[in-house]
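# Breakdown of the fold
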Amino acid sequence: MPVSLSLDKINREEYMVSLKGKTSTSKHTKMHRIVTNLQVMLVIAATLSNAGRLHDNFRYCAISCRANGASLTDFGGVGDGTTSNTKAFQAAIGHLGQYAEYGGSMLFVPPGKWLTGSFNLTTSHFTLFLHTDAVLLASQEESEWAVIDPLPSYGRGRDTDGGRYISLIFGTNLTDVIITGDNGTIDGQGESWWNKFHKGELQYTRPYLIEIMYSKNVQISNLTLLNSPSWNVHPIYSSNVIVQGLTILAPVNSPNTDGINPDSCTNTRIEDCYIVSGDDCIAVKSGWDQYGIAFGMPTKQLVIRRLTCISPDSAVIALGSEMSGGIEDVRAEDILAINSESGVRIKTAVGRGGYVKDIYVRGMTMKTMKWAFWMTGNYGSHPDNNYDPNAFPSIQNINYRDMVAENVTMAARLEGIAGDPFTGICISNVTIEMAKKAKKVIWNCTDVEGVSSSVVPKPCDKLMNQESGCDFPEVPLPIDNVEIQSCYYRRKFPLGDHVLKHL
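The structure contained in this document is the topic of the report that follows. (Residues numbered from 1 in each chain as written. Predicted model: local features only at pLDDT ≥ 70, side-chain atom pairs only at ≥ 80, totals over all residues. Heavy atoms only, no water.)

### Considerations on empty space enclosed by the protein
With the rule as written, the count across this model stands at one cavity of 30 Å³ or more. Of the pockets and cavities examined, the largest cavity occupies roughly 40 Å³. Forming the boundary of the largest cavity are Leu151, Tyr154, Arg156, Gly157, Arg158, Arg164, Thr205 and Tyr208. Broken down by class, the residue content of the lining of the largest cavity amounts to three nonpolar, two polar and three charged. (1 Å grid on protein atoms, 1.4 Å probe; cavity = no way out; pocket = protein on both sides within 12 Å on 5 of 7 lines; lining within 4 Å. Points joined across faces, edges and corners; volume = space filled by probe spheres on them. Nonpolar A, V, L, I, M, F, W, Y, C, P; charged D, E, K, R; others polar.)

What follows is the structure in C-alpha cells.
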C-alpha cells in the first residue's frame, strides 16, 4: 500500500507531561521528546524508502528491456478514481519519448485507480507497465475521446457512417512497443456506450480498449481487460505481434465486445488467454468488401494456442466476416471452448472477395456448444451499396483434427455459396457427443467439398471418407522464434512532490 504521512504534523506534535496538574517541560522531558521525535522520523523515513524501492525496482518479462523509467505520479498522476489523468499520461509519454534512441523507456503505473481519457503512445521503444493493483478507468466523458478517420480497409465506422472514437490506448507507426503489467487492470466502463449503441444514440463508432496500427514488434500481455465499449485488443496493419496472458471479461450480452482481433497483420502469436465475451473471443480480419480488396493487406502467419473462451452467442475463433484482404496460414491448438455458440466459424458473403485458406486447428475441447463447426457464405452486412456483387470469396484448405466435444446441439453447419463452393475441407479424429435435445439433422452441408476420417457421428456425404488425417504444419512460424526476456525496471526520478523540477 502507498505510504502517505505528514512529517510536518509529527514535527509539530507536542509531547508534554503533567506534574501536579501543571504542564512541565523539564530537561529530562525535553530530551525524551527529542529522542521520540527522532525515532518516529527514522521509522517513517525507512518506511517511505522501502515503499519507494518496492515500486521503483522490480523484474518483469518482455520482448525488449528499457534503460530508462518513470512513474505516472512523477507527472502529476493521481490515482483516486475521480481525478482525470489524461494530461499526466500525455505528459509522461511525451517526456519519455526523448529516450527512444537511448535504450528506450518505461512508464510505470503504480497502485491506484487512474481515471483517464484516450492517450496516444507517440514513441517507439516504449513500455507501459501496470502494477497488479493499478486500475485504468476509462473516462465516460465523450470530450476525452477524439474522433479519428475510419480505417482505410473498412471505409466507414462499424457502428455509424464516418469517423470513430479513438481507442483508450492508441498507437500508430511504432517500433518495439509493449503494453504489459503484473496483471494490472484496464476497465473500459463500457455500459454507457452499450446503452447508446442499443438506443441508436451514437454519433461515431465506439472506441476499443487497445489499438495499435502500422507498427512492428508489438507485445500486449499480462493484463486484465474489463467492460470494453467495443472490441478489446485490435492490432491492425502490423507485424511481429505477441498477445499473451490476457484475461478479458465482458458481460455475455454486451454488444461487439470481441476479445482479440488481429486485422491485416503478419506474424502474430496469441497464447495463454482467458476470454469471456459478448462476441467472438478471437476474430481474424482483413478489411471490408471493396475497401478491404483495394487495401489488399491479408492476415497471415497467425498462431493461436492455449485459449479458453466462453461466448454463448458467438464463436471461439472466427475467420471474418471482414476478410476481403485475405486470411491465410492460421494455426490454432490447445483450445478450450465452454458454453459457446461455435468452436470455429468462417464468416463471409458475396461481395467480400478475398480468401480464407490454409487454416489448421487441432487439440480443441468443446463443452456445451450450439455448433462445433460453422461456415457461412451468406453473412451479409456490407459497408455501403457500392460493393462488387461479382466479388466471390475463395475458401479452401480448411483442416480440423484431434478434437472432442460434448453436449453439442448440432455437429456442423457448413454452408458455402452456390456456384462458389468452399473446398478442401478436412475433418479427422473428432468425436462429438450430442446433447439430449440435439437437432434431428446433425450435419448440414451445402456447397462444400472435402474429406473426413475417424469422425463421430458420421459426417455428411460431401465430406468423403479417407484413411489419412488432416494436415497441421510442424515447421514453426517466425513469431515462435521471438523470445521473452527477463527485464529489470529502475525508476530514475526521486519520490516527492518536487520531482517535476528534476525532469
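### Points about the side chain of Asn261
On the secondary structure map, Asn261 appears in the loop between strand E21 (247–249) and strand E22 (266–276). Excluding anything up to four places from it in sequence, Asn261 contacts Trp231, Val233, His234, Pro235, Ile282, Ala283 and Lys285. (Helix = DSSP H or I, 4+ residues; strand = E, 2+ residues; numbered from the N terminus. Contact = heavy atoms within 4.5 Å.)

### As for the state of the cysteines
Under the defined criterion, the tally for this structure stands at four disulfides. A disulfide bridge connects Cys65 with Cys487, and the sulfur atoms are separated by 2.0 Å. Its S-S torsion of about -80° marks the bond between Cys65 and Cys487 as left-handed, since a negative value means left-handed. Here the residue Cys65 occupies a position in the loop between strand E3 (57–62) and strand E4 (68–71), and Cys487 occupies one in strand E33 (residues 485–490), the gap between them amounting to 422 residues. Take Cys65: its relative accessible area is 30%, and that puts it in the partly exposed class. Residue classification places Cys487 among the buried positions, given a relative accessible area of 0%. Here Cys445 pairs with Cys460 through a disulfide, and the sulfurs are 1.9 Å apart. The sign of the S-S torsion, about -85°, decides the handedness of the disulfide formed by Cys445 and Cys460: left-handed. Of this pair, Cys445 sits in strand E30 (residues 443–446) while Cys460 sits in the loop between strand E31 (448–456) and strand E32 (463–465), placing them 15 residues apart in sequence. Both residues of the pair, Cys445 and Cys460, belong to the buried class. The connectivity of the disulfide bonds within the chain can be written as 1-8, 2-3, 4-7, 5-6, using the sequence rank of each bonded cysteine. (Disulfide = S-S within 2.5 Å. Buried < 20%, exposed > 50% of the residue type's maximum accessible area, 1.4 Å probe, protein only.)

### Some thoughts on the environment of His131
Mapping His131 onto the fold places it in the loop between strand E9 (126–130) and strand E10 (134–138). When the C-alpha positions of His131 and Val109 are compared, they lie 6.0 Å apart, and in sequence the two are 22 residues distant. Of note is the side chain of His131, whose polar atom sits 2.8 Å from the backbone nitrogen of Asp133. (Polar contact = N/O pair within 3.5 Å; in protein donor to acceptor, adjacent residues only side chain to side chain.)

### Brief notes about unusual backbone geometry
In the segment running from Gly320 into Ser321, the intervening peptide bond is cis, with an omega of 5°. Looking at the secondary structure, you find Ser321 in the loop between strand E25 (315–319) and strand E26 (327–347). Residue Pro457 follows Val456 across a cis peptide bond; omega there is -5°. Looking at where Pro457 falls in the secondary structure, it is placed in the loop between E31 and E32. A positive phi angle, close to 55°, is found at Asp329, a residue other than glycine. As for its position among the elements, Asp329 is in strand E26.

### Quick word on the pattern of salt bridges
Any two side chains of opposite charge can pair, given that their charged atoms come close. Counted according to the given criterion, the structure contains 21 salt bridges. For Asp289, the salt bridge identified is with Arg352, shortest N-O distance 2.8 Å. Separated by 63 residues along the polypeptide, Asp289 in helix H5 (residues 289–295) and Arg352 in the loop between E26 and strand E27 (355–376) bring together distant segments of the chain. The buried category is assigned to Asp289, whose relative accessible area is 0%. Put simply, Glu333 and Arg362 hold a salt bridge, and the shortest N to O gap is 3.0 Å. Taken as a pair, Glu333 in strand E26 and Arg362 in strand E27 lie far apart in primary sequence, 29 residues in all. By the burial criterion, Glu333 is buried, and Arg362 matches it. When salt bridges with common partners are traced through the structure, they connect Arg269, Glu271, Asp272, Arg305, Arg306, Glu333, Arg362, Glu474 and Asp480 into a single cluster. (Salt bridge = Lys/Arg side-chain N within 4 Å of Asp/Glu carboxyl O.)

### Description of the packing of aromatic side chains
What the rule picks out here adds up to 18 aromatic pairs. Relative to Phe129, the ring of Tyr60 lies with its centre 5.6 Å away and its plane at 65°, an arrangement referred to as edge-to-face. Of this pair, Tyr60 sits in strand E3 while Phe129 is found in strand E9, placing the two residues 69 residues apart along the sequence. Each member of the pair, Tyr60 as well as Phe129, is classed as buried. Among the aromatic residues, those joined into a cluster by ring pairs are Phe58, Tyr60, Phe108, Phe129 and Tyr489. Its guanidinium or amino end placed over the ring of Phe197, Arg206 lies 4.2 Å from that ring's centre, counting from NZ or CZ. The ring of Phe472 has Arg362 sitting right over it, with the charged end atom 3.8 Å from the ring centre. (Phe/Tyr/Trp six-rings, centres within 6.5 Å; stacked < 30°, edge-to-face > 60°. Lys NZ or Arg CZ within 6 Å of the ring centre and 35° of its normal.)

### Overview of the layout of surface pockets
Each pocket or cavity is described by its volume, and for the second largest pocket that value is around 230 Å³. Around the second largest pocket, the lining comprises 18 residues; the ones closest to its centre are Arg158, Asn256, Asp279, Lys347 and Tyr379. Ranked by residue count, the leading element in the lining of the second largest pocket is E26, at three residues. Of the residues that constitute the lining of the second largest pocket, the class distribution is four nonpolar, four polar and ten charged.

### Description of the sheet that holds strand E8 (residues 119–121)
Spatial ordering of the open sheet is given by E8-E13-E16-E19, a layout of four strands whose pairing is parallel. The sheet is open, and its two borders are formed by E8 and strand E19 (233–236), each paired with just one other strand. Between one strand axis and the next, the sheet turns through 15° on average, direction left out of account. As paired strands, strand E13 (residues 169–172) and strand E16 (residues 210–213) are joined by four bridges and run parallel to one another. From the neighbouring strand, Gly171 faces E16, where its bridge partner is Ile212. (Pairing = 2+ DSSP bridges. Axes fitted to C-alpha atoms, helices over the stretch in contact; angles between N-to-C directions.)

Functional significance is not addressed by these values, which are geometric in nature.
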